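Fold and contact review
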Amino acid sequence: MADIKQQIFQELSNLEEAAAKLRGTAIHAGKQTDLEVAILTQQVRTLRDKNSRANEMIDKSLSILKKLKK
């Protein structure tokens, strides 16, 4: 009987250890995801700024070309 109790406590201890490792992995994954989202958000913001400037340059170029045609 004592052996069965000891085995149960050992299994519970192993389960608790595995749960702690999974919890740590989940927390790390959440932080990694937050970092990735922040990086992607910044990259999108940068691309939008570049696209906006490119559109302005295209508009200016078209305006100059129209003036030269006249």
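In the block above lies the structure referred to throughout.
Described below are features of the structure shown in this document. (Residues numbered from 1 in each chain as written. Predicted model: local features only at pLDDT ≥ 70, side-chain atom pairs only at ≥ 80, totals over all residues. Heavy atoms only, no water.)

Summing up its helical and strand segments, the protein has 1 helix and 0 strands in all. Rg of the C-alpha trace for the protein: 30 Å, well past the compact-globule value of 11 Å for 70 residues, more than 25% over. Along the longest, intermediate and shortest principal axes, the C-alpha atoms of the protein span 100 × 10 × 5 Å. Counting every position in the protein, which comprises 70 residues, the buried fraction comes to 0%. Summed over all atoms, the accessible surface of the protein reaches about 6800 Å², with 61% contributed by carbon and sulfur. Looking at the protein, you have 13 positive and 9 negative side-chain charges, and the mean spots of the two groups are 21 Å apart. (Helix = DSSP H or I, 4+ residues; strand = E, 2+ residues; numbered from the N terminus. Rg over C-alpha atoms; globule rule 2.2 N^0.38 Å. Buried < 20%, exposed > 50% of the residue type's maximum accessible area, 1.4 Å probe, protein only. Areas by Shrake-Rupley, 256 points an atom, 1.4 Å probe, with all protein chains shown as cover. Lys, Arg positive; Asp, Glu negative; His and termini not counted. Charge placed at Lys NZ, Arg CZ, Asp CG, Glu CD.)

A grouping of Met 1, Ile 4, Ile 8, Phe 9, Leu 12 and Leu 15 is seen on the molecular surface, where their side chains present a nonpolar patch of about 700 Å² in accessible area. On the secondary structure map, Ile 4 appears in helix α1 (residues 2-69). Its relative accessible area of 49% is what places Ile 4 among the partly exposed residues. (Patch = residues over 30% accessible without salt bridge, like charges linked within 9 Å, V, L, I, M, F, W, Y side chains within 5 Å. Salt bridge = Lys/Arg side-chain N within 4 Å of Asp/Glu carboxyl O.)

Turning to the pattern of salt bridges, a few remarks are in order. The final tally for this structure, using the stated rule, is 1 salt bridge. The salt bridge partner of Lys 21 is Glu 17, with a shortest N-O separation of 3.5 Å. Taken together, the residues Lys 21 and Glu 17, both in helix α1 and 4 residues apart, mark about one turn of the helix. Relative accessible area serves as the criterion here: at 45%, Glu 17 is assigned to the partly exposed category.

Let us look at the environment of Leu 68. Mapped onto the elements of the fold, Leu 68 is located in helix α1. Taking C-alpha positions, Leu 68 is 61 Å from Ile 27, a pair spaced 41 residues apart along the chain.

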